[in-house]
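Reading the structure
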Amino acid sequence: MIKKCMKLAACLLPALFFVGCAHHPAQPYDYTAFKAAQPKSIVVLPPLNNSPEVKATYGMLSQLSYPLAEAGYYVLPVAAVDETFKQNGLANAADVHNVSVQKLHEIFGADAGLYVTVSKYGAVYTLLNSEVVVAAEAKLVDLKTGTLLWSGRASASSAEQNNNNAGGGLIGALVAAAVKQIINTSTDAAYPIAGVASGRLMSVGGGNGILYGPRSTNYGKP
């Protein structure tokens, strides 16, 4: 019996080795176009909302300027940009995203445009819990040429900070989950979570995030 087990292990080890080797680390992002364009100013377009929560567009929009400014870019005031779109008959994000990059550059004079799509925003209910999830992806586009400079995605969840050691047994957990769901859906509980997701989405100084802008003391660093 022992010999059979040893033979089986000897047969499985090569297979496990190749399975282990099949996992490759994420490829580093190609920043060639980003470095060539050297954008200094960014206009943030109202995010597309693919979630069922109507608050997603403006909840996310209001959180994007700060991390971009911290990264070293001049960000056009999002309220003024949004009002400009509305005054020109562009009342929703889908219409805004269809405007040509040349027209956006002509109107705002920004070097690049940030296009964001929200895929998740709001409360997600499970049997024993209710968590708030925000997920989005973004792309930075050169408004002079239409060249894609960078793209990325990020998410955040309230479950990352939740303490799951709830008392009261099964009934207590069910009641707590129901109460949390009511609170999460009756208030914009996703708003602070959107701030975390935005910070991760616009992260700099490592990974495959955006590069530092010219207003940062780290400008030119990877």
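Here the structure is shown first, and the text comes after it.
The structure reproduced in this document is the subject of the present report. Since this is a predicted model, take the numbers as computed values, not measurements.

Helix and strand counts for the chain come out as 8 helices and 6 strands. When the helices and strands of the chain are listed from N to C terminus, the series reads α-α-β-β-α-β-α-α-α-β-β-β-α-α. For the chain, buried positions account for 38% of its 222 residues. At a minimum sequence separation of 6, the contacts of the chain that also span at least 24 residues come to 72%. Carbon and sulfur atoms form 60% of the exposed surface of the chain, whose accessible area is close to 12,900 Å².

Right, let's talk about the nonpolar core for a bit. Ranked by internal contacts, the top residues of the largest apolar core, which has 36 residues, are F34, V44, M60 and L114. Every element with two or more residues in this core is listed here: β1 (41-44), α3 (56-70), β4 (112-126), β5 (129-142), β6 (148-157) and α8 (190-201). Among residues more than four places away in sequence, those in contact with F34 are P39, Y73, L140, L149, W150, I210 and L211. Counting 14 residues, the second-largest nonpolar core is a separate cluster that includes L76, F85, V141 and L143.

A separate point is α8. Note on helix geometry: an α-helix contains 3.6 residues per turn, so any two residues three or four positions apart are oriented the same way. With 12 residues, α8 should cover 16 Å at 1.5 Å per step; its first-to-last C-alpha distance of 16 Å lies within 8% of that length. Within α8 the residues assigned to the buried category are A190, I193, A194, A197, S198 and L201. The buried residues of α8 occupy an angular sector of 145 degrees when projected down its axis, which confines them to one face.

Turning our attention to the layout of surface pockets. Size it by volume and the largest pocket reaches roughly 330 Å³. Lining of the largest pocket is provided by 23 residues; of these, Y31, K35, L211, K221 and P222 occupy positions nearest its centre. The class makeup of the residues in the lining of the largest pocket is 13 nonpolar, 8 polar and 2 charged.

Let us look at helix α4 (residues 78-87). Every buried residue of α4 is listed here: V78, V81, D82 and F85. Taken around the axis of α4, the buried residues stretch over an arc of 95 degrees, which confines them to a single face. Pointing more than 90 degrees away from the buried face of α4 are the exposed residues A79 and Q87. On its buried side, α4 packs onto β1, α3, α5 (93-97) and α6 (101-108). Positioned one or two residues after α4, G89 has a phi angle of 80 degrees, which is positive.

Looking now at the packing of α4 against α6. The contact between α4 and α6 brings their axes to 12 Å, and the two run at 115 degrees. Judged by the twist between their axes, the crossing of α4 over α6 is right-handed. Taken together, the residues of α6 that come into contact with α4 (itself represented by V81, T84 and F85) are L104, I107 and F108. Considering only residue class, the contact of α4 with α6 consists of 5 nonpolar, 1 polar and no charged.

Another aspect to go through is the side chain of T117. The residue T117 is located in strand β4 in this model. Contacts of T117, omitting those with residues within four sequence positions, involve L48, N50, A135, A136 and E137.

Reading guide: rules and limits
Residues numbered from 1 in each chain as written. Predicted model: local features only at pLDDT ≥ 70, side-chain atom pairs only at ≥ 80, totals over all residues. Heavy atoms only, no water. Helix = DSSP H or I, 4+ residues; strand = E, 2+ residues; numbered from the N terminus. Buried < 20%, exposed > 50% of the residue type's maximum accessible area, 1.4 Å probe, protein only. Contact = heavy atoms within 4.5 Å. Areas by Shrake-Rupley, 256 points an atom, 1.4 Å probe, with all protein chains shown as cover. Core = buried A, V, L, I, M, F, W, Y, C linked by side-chain atoms within 4.5 Å. Expected span 1.5 Å × (residues − 1). Arc of directions from axis to C-beta. 1 Å grid on protein atoms, 1.4 Å probe; cavity = no way out; pocket = protein on both sides within 12 Å on 5 of 7 lines; lining within 4 Å. Points joined across faces, edges and corners; volume = space filled by probe spheres on them. Nonpolar A, V, L, I, M, F, W, Y, C, P; charged D, E, K, R; others polar. Axes fitted to C-alpha atoms, helices over the stretch in contact; angles between N-to-C directions. Left-handed = near helix turned anticlockwise from the far one by under 90°.

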